[in-house]
Number of protein chains: 2
Amino acid sequence: MDRSLPELTDAVVERIDAGRFDELGALFEKEHPGDIAEVLNYVDEEHKAKVFRHVPAAMAPDVLANVRDATLTSLLTGLSDKEISEAVNELPTDEAADIIGELDDEDASRVLNMLEEEDKESLRELLRYPEESAGGIMESEFVAVPEGVTVAEALQELREVAEKVERVHNVYAVDDHGKLVGILELWRLAISYDLQKVTPLIDREFISVPVDMDQEEVAALATRYELVEIPVVDAGGRLVGRITFDDLLDVIEEEATEDMARMAGTRQGDVHEESVWRITLLRIPWLFTGLVGGIGSAFLMSRFTLELESTLALAFFVPVITAMGGNVGIQCSAVVVRSLALGELEAYHMGRRIIREVLVALINGIVLGGILTAVALAWKGDLRLGRIIGISLFLCILWASATGTLVPMALRKLHFDPALASGPFITTMNDVVNLLIYFTVASVILSGG
Amino acid sequence: MDRSLPELTDAVVERIDAGRFDELGALFEKEHPGDIAEVLNYVDEEHKAKVFRHVPAAMAPDVLANVRDATLTSLLTGLSDKEISEAVNELPTDEAADIIGELDDEDASRVLNMLEEEDKESLRELLRYPEESAGGIMESEFVAVPEGVTVAEALQELREVAEKVERVHNVYAVDDHGKLVGILELWRLAISYDLQKVTPLIDREFISVPVDMDQEEVAALATRYELVEIPVVDAGGRLVGRITFDDLLDVIEEEATEDMARMAGTRQGDVHEESVWRITLLRIPWLFTGLVGGIGSAFLMSRFTLELESTLALAFFVPVITAMGGNVGIQCSAVVVRSLALGELEAYHMGRRIIREVLVALINGIVLGGILTAVALAWKGDLRLGRIIGISLFLCILWASATGTLVPMALRKLHFDPALASGPFITTMNDVVNLLIYFTVASVILSGG
């Protein structure tokens, strides 16, 4: 690579601004398709297709496979069916399927029909799997040999498919019915003698995943077992595809982005989105939820006008009650969400986590509730106010940590994304509940004590 | 593997409870070291070392390399120097260095002294690099050959080191001074004829990273260029190590966990921490920050007693103002933080992101401010209150999205972690600022209009 990515971007933008598109081809010649894809993500929507046409033909498929979905969509509208099918033809099936999946049904079937019979079949097959399942991220190309062959025969098979199958790290041993019986690591093959049978080289204690496993689970397996490539099998144990490390990297980043976006009350796409309208549409529903919750809080507080009029200082402590409830809730839920996402044992043994969180909340509640009581006393010299605030803060911390811990776990049990539990919906609900706790405590102490 | 991970855990816990530790060896025999490591993470601290002693000797090093830091620490205190050095001897240098790095200086140098001279040297070398740099995650084992050799000679080199170097996917071509000149992908070697020179197989447009590059940047490169293994070079371009895909997976997960934890006001370690006291110590500083901010809010509000007494309904809308400010702020900052973490171009071209966020905030501010004004009007029939609330909400949304966007960018410029910007510190500061905006607007409108 001649230039760093920011330099390349500047160079491209300069050419676009000057209308010198014809210089782009030479500029791209020595660059990496991954960088060109990043530049395409960055340039203005109206120029994307025009810039793409200057990508050297040999790189075009890889560039197309590496751009973001939003960029892909705008590129695809600018390309002809023939251009698309040529690129698709050069790509591994998983990347080809991602591209075809972005087309509308009519365009997709036109492009599919321009492909070779064999590719058409395996792509149709892949397109049937949900996008976020093992089947949705796998590619159908792999190197498989019967278990009785010699090393030379296995390598010959690899040689024959080498042009079509990228990033080979394993050769798979299958039986007569295509059932996966073991894995041959490539380095083992490479250092073994040609005439040797592969049988003793086969690892039979291998890990494979079913086509319908969720991609997050696949990624957790890959991390736990340090797998560079995972074979995917159908219900009968037949090898149908493989998931390579680059897909695993993508999945892990995607899932982390999605979880973080959910926590923040938006969606993964927001991180890459360019259109102000689409960003607004992603975010405003959650803000609207917050608004409704806030209006709820206002109505709730209005029911305690009597208390507020007698002790206006109650109002002063409203922000600290809601803020602390929010902070405790997000601490608990973020930790639980992340732990679940990493596929940790807490997913199965929740009792210990719950006990731990309750104990932490008790300590925090006593310490922070105590401090706030002291501050209120010192400031206002009002014992009742001190008691109201201390007790409420303690109860709010307990409530926030209970919901922060239990809601993600419950969501997971119900097969929803636990990350929803740390989003604005919960925060909003907690605001209302915490205010209810606060004013109820206030009302009891003010009237009774 | 005979059992799923939860089943294995249950089986182990059952044996521990019944005191039948001697049955653990047979239980572990057919399991994966990654699973045994997870179980060790899970069992009670006092039993960890005892359980570990029943791990079959051949697996022990891999198990040790895969447990979490907290588990490692408690295991290491239970093991003798000899046991530790035996495990370290069997591991790749990066994992060995991680283990030695957990020991205190005295223990570390005792264990180091029990190792072979060669290992001792490369481990000392590795331990010098910061933990989160390329040097800190690389291993010193790799397969390197001069560029003039034949395929057979390269494979012979691989064969000789195969026992010591795990997960080989690339062979590196170096010149007489050890300078990296290109990469030989293993599959290319495997399918080429023995007597051929490797020269034409060498990829010279390779990507390498300097020893001092931050691990997050390394992971972003790996994802962008789909690299299964990254060579690490020193200032003179000499090959000093390589980073393998399993390290990359770990880094990506670790960084995502750290960012999410920072957003939530805690630290990465919290996700795996078992001790209630340590969890409390991780979380309470941030809660304390929130408490101080909340007390600040209370004092601030007390300065506006006059306004509150004349229009108590002002208090009712305090929660909606702080909640909406918080929600907008976290949306912006999470998106910017994630975009920076993924190494996207926004890190260099910030202007566009800023404009976009301002526009989104304007739309959201107008829409939501309008709705809230209408609600206040309909409910209280007070035009001044409606104006106060609508204008304040609009200004608070603008402020929250400005800080949510600019603060992470500024932190990055100053070489701090941008994720700090979405944490409780900013939320707390925004609460105070938003209340100041709200009551200032109220005071102006109430006195003037």
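Rules and cut-offs
- Residues numbered from 1 in each chain as written.
- Chains lettered and ligands numbered in written order.
- Predicted model: local features only at pLDDT ≥ 70, side-chain atom pairs only at ≥ 80, totals over all residues.
- Helix = DSSP H or I, 4+ residues; strand = E, 2+ residues; numbered from the N terminus.
- Rg over C-alpha atoms; globule rule 2.2 N^0.38 Å.
- Contact = placed C-beta atoms within 7 Å.
- Axes fitted to C-alpha atoms, helices over the stretch in contact; angles between N-to-C directions.
- Parallel < 35°, antiparallel > 145°, perpendicular 65-115°, else oblique.
- Nonpolar A, V, L, I, M, F, W, Y, C, P; charged D, E, K, R; others polar.
- Domains from an automatic or database assignment.
- Least-squares fit on C-alpha atoms with pLDDT ≥ 70 in both.
- Buried ≥ 20, exposed ≤ 12 C-beta atoms within 10 Å, placed from the backbone.

Glancing now at the overall build of chain A. Across its full length, chain A holds 22 helices and 6 strands. For 449 residues, the compact-globule estimate of 2.2 N^0.38 gives 22 Å, and chain A exceeds it by more than 25% at 29 Å. Seen along its three principal axes, the alpha-carbon backbone of chain A occupies a region of about 90 × 60 × 40 Å. Pairs at least 24 apart in sequence give 67% of the contacts found in chain A among residues at least 6 apart.

The subject of this paragraph is the packing of helix H16 (residues 276-302) of chain A against helix H22 (residues 424-448) of chain A. Residue and element names in this part refer to chain A. H22 packs onto H16 with a crossing angle of 5° between their chain directions and a minimal axis gap of 8 Å. Regarding the angle of H16 to H22, the classification is roughly parallel. Contacts between H16 and H22 involve Trp286, Thr289, Gly290, Gly293, Gly296, Ser297, Leu300 and Met301 from the first element and Pro424, Phe425, Thr428, Met429, Asp431, Val432, Leu435, Leu436 and Phe439 from the second. A class-by-class count of the residues in the contact of H16 with H22 yields 10 nonpolar, 6 polar and 1 charged.

Bringing the domain arrangement of chain A into the picture now. The domains assigned to chain A are domain 1 (5-129), domain 2 (144-259) and domain 3 (265-448). Centre-to-centre separation of domain 1 of chain A and domain 3 of chain A, based on C-alpha positions: 46 Å.

So, on to the relation of the copies chain A and chain B. Once turned by 180° and shifted 0.0 Å along the axis, chain A lies on chain B with an RMSD of 0.1 Å. Classification of the inter-copy transformation places it as that of a two-fold axis. For chain A, the residue whose C-alpha comes nearest the rotation axis is Ala190(A), separated from it by 2.6 Å. When the interface residues of chain A are mapped onto chain B, 100% of them again lie at the interface, so the same face is used by both copies.

As a further point, take the interface of chain A and chain B. Contacts between the two partners involve 98 residues from chain A, matched on the other side by 98 residues from chain B. The leading source of residues in the side of chain A that touches chain B is H16(A), at 16 residues.

Before going further, it helps to examine unusual backbone geometry. The phi angle at His415(A) is positive, at roughly 65°, despite the residue not being glycine. Looking at where His415(A) falls in the secondary structure, it is placed in the loop between helix H21 (383-413) and H22. Even without glycine at this site, Glu226(B) takes up a positive phi of about 50°. In this fold, Glu226(B) is placed in the loop between helix H14 (215-225) and strand S5 (229-233). With 20 C-beta atoms counted inside 10 Å, the residue Glu226(B) sits in the buried group.

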